[in-house]
Amino acid sequence: MEYLTITQVSKTYEVTPRQLRHYEKLGLIQVAHKEDYAYRLYDEEALHHLQQIIILRKLHIPLKQIAIILKDEAGVKSLGILQENLAQLEGEITSLDTIRSILKQFIDRLDESIKHRTHFDLLSDSELTKISNALTFPKTTLKENATMNDLNKAEETLNKSLNVRILLLPPCTVASYQYIGEQPEENVGNTVSRFVQESKLYEIKPDARMFGFNHPNPGILEGNIYGYEDWVTIPEDMELPKPMVKKKFEGGLYAVLTIQFPEFQYWESLSRWVDENPDYEANYSELGLEIMGGCLEEHLNWVYCAHMGWPEDNCSGQIDLMLPIRRRAK
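Residues numbered from 1 in each chain as written. Predicted model: local features only at pLDDT ≥ 70, side-chain atom pairs only at ≥ 80, totals over all residues. Heavy atoms only, no water.

1. Quick word on the overall build of the protein
For clarity, the threshold we go by: Here a helix means four or more residues in a row that DSSP labels H or I, a strand means two or more in a row labelled E, and each is numbered from the N terminus. Note on definitions: a residue-residue contact is assigned when non-hydrogen atoms from the two residues lie within 4.5 Å. The Shrake-Rupley method, run with a 1.4 Å probe sphere, supplies the accessible areas, and residue values consider only the shown protein chains as cover.
On a plain count of helices and strands, the protein comes out with 11 helices and 11 strands. A fraction of 73% describes how many contacts in the protein between residues 6 or more apart in sequence connect residues 24 or more apart. Total accessible area on the protein stands at roughly 19,900 Å², and carbon and sulfur atoms take up 52% of it.

2. Here we look at the nonpolar core
Note the threshold: By nonpolar core we mean a set of buried residues, namely Ala, Val, Leu, Ile, Met, Phe, Trp, Tyr and Cys, connected to one another through side-chain atoms within 4.5 Å. Each residue is placed in one exposure class: buried if its accessible area under a 1.4 Å probe, protein chains only, is under 20% of its type's maximum, exposed if it is over 50%, and partly exposed if it falls in between.
Core analysis: the largest hydrophobic core is formed by 29 residues, its most contacted members being Trp267, Leu270, Leu296 and Leu323. Listing elements by their share of this core, those giving two or more residues are β5 (210-214), β8 (252-260), α10 (266-276), β9 (280-282) and β11 (318-327). Residues in contact with Leu296, not counting those within four places in the same chain, are Leu169, Phe211, Gly212, Phe213, Trp231, Phe249, Tyr254, Trp267, Asp320, Leu321 and Met322. Judged by nonpolar contacts, the second largest core, of 22 residues, contains Ile6, Ile29, Tyr42 and Ile54.

3. A word on the environment of Asp237
Inspection of the secondary structure puts Asp237 in the loop between β6 (226-233) and β7 (245-249). By relative accessible area, which is 65% here, Asp237 ends up exposed.

4. A few points about helix α5 (residues 76-115)
Formally: The span you would expect from a helix comes to 1.5 Å times its residue count less one.
Between its first and last C-alpha atoms α5 spans 58 Å; for 40 residues at 1.5 Å apiece the expected length is 58 Å, and the two agree. Considered for burial, the residues of α5 that qualify are Ser78, Ile81, Asn85, Glu92, Ser95, Ile102, Phe106 and Ser113. Looking one or two residues beyond α5, the residue adopting positive phi is Arg117, at roughly 55°.

5. Focus: the packing of aromatic side chains
Any two aromatic rings considered together are summarised by their centre-to-centre distance and by the angle between their planes. Put simply, the test is: Each Phe, Tyr or Trp ring, with Trp reduced to its six-membered ring, pairs with another whose centre is within 6.5 Å; inter-plane angles below 30 degrees give stacked pairs, above 60 give edge-to-face pairs, and intermediate values give tilted ones.
Under the criterion given, the structure shown has 5 aromatic pairs. Where Phe213 meets Trp231, the ring centres are 5.0 Å apart and the plane angle is 75°; that geometry is what we call edge-to-face. You can see Phe213 sitting in strand β5 and its partner Trp231 sitting in strand β6, a full 18 residues away along the chain. Through successive ring pairs, a cluster of aromatic residues spans Phe213, Trp231 and Phe249.

6. Regarding the environment of Glu281
Structurally, the position occupied by Glu281 is in strand β9. The partly exposed category is assigned to Glu281, whose relative accessible area is 23%. Each C-alpha atom, one on Glu281 and one on Arg327, is 6.3 Å from the other, the two residues being 46 residues apart in sequence. If near-sequence neighbours (up to four positions away) are discounted, Glu281 is found in contact with Val274, Pro324, Ile325, Arg326, Arg327 and Arg328.

7. Examining the pattern of salt bridges
Test applied: By definition here, a salt bridge exists when the distance from a side-chain nitrogen of Lys or Arg to a carboxyl oxygen of Asp or Glu is within 4 Å.
Summed over all chains, the structure comprises 14 salt bridges. Put simply, Arg21 and Glu185 hold a salt bridge, and the shortest N to O gap is 2.1 Å. In this pair, Arg21 sits in helix α2 (residues 17-25) while Glu185 sits in helix α8 (residues 184-199), placing the two residues 164 residues apart along the sequence. Residue Arg21 is classed as buried on the basis of its relative accessible area, which comes to 6%. Between Glu236 and Lys248 there is a salt bridge; the shortest N-O distance is 3.0 Å. A residue pair is termed long-range when its members are at least 10 positions apart, and Glu236 in the loop between β6 and β7 and Lys248 in strand β7 qualify at 12 residues. As far as the burial class goes, Glu236 and Lys248 line up, both exposed. Several salt bridges share partner residues, and in doing so they unite Arg18, Arg21, Glu185, Glu186 and Glu297 into one network.

8. Some remarks on the confidence of the model for the protein
Reading fine detail from the predicted coordinates is not recommended where pLDDT is low. Let me state the cut-off plainly: Every residue is assigned a pLDDT by the predictor, reflecting its confidence on a scale from 0 to 100.
A residue-level look at the protein finds 84% of positions with pLDDT of 70 or above and a mean pLDDT of 83. Low pLDDT, under 50, characterises residues 135-146; the stretch is placed with 23 contacts to residues that sit more than four places away or in other chains.

Structural data, given as structure tokens:
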């Protein structure tokens, strides 16, 4: 039986190592253990499950429901889940059809007003505005009976309408910790979490924020080893215990996209959004892949949740992907 390493799986299926470990943690895929081999290995069954996960996620099926589908040999529960998701999509399609009809009517009336040189008031038709106000904000939907090519095209369409924000981060002082080795994100996160709890940072600085990034990126070191570094904003005069290190962060301008953990594939979508933006361009660090090009991942509400001992109901699992940018030269 052929086994693939986590790096090989990540490159082949375009998922991040962190996504793979998260799927393992949820029990969606199982790691194979080979004698005298220290790294994660994936067999045919794990890869088969991973391919199913990828397809179902592109169909916007939640991970909790995917877990049920993967274990449902009879298919009865899976059928109910897919029917439920289809019903939700059909409701969105109905809303989109209504919006299309309203837009056509608005266009026709605006066209008439231009021809007759009269003022067009969007709110002049009370019936149309009443219908519009009753609508919810729709999501882009996918076709039934879609092929993988169709799904990929649909995903590209969704990516073009990303809700990207432009954010200026001010200079600040951070407590930093870096670890290189197996499961670096977990190692760093546990260490920084202890620091937050023992220092009572949230009580000292309730607006403290946590940023993370690969350091170095996967692929730079041999043996599938890479590193991760966390920054937590702190008061400038705060004394730090080891192994935490105090650093100065210069701040900067970023394109920001909020995701739900662990959907890190949206890094590619955010990068493409910046590349196609007429006003901004990427402003990557000169250190390049050594520090993920200067990109940051801000785990929202992280400091508060660490301070509270990670209560499940208060931790949303939302992350801001932050790509450094600058104004394009005119």
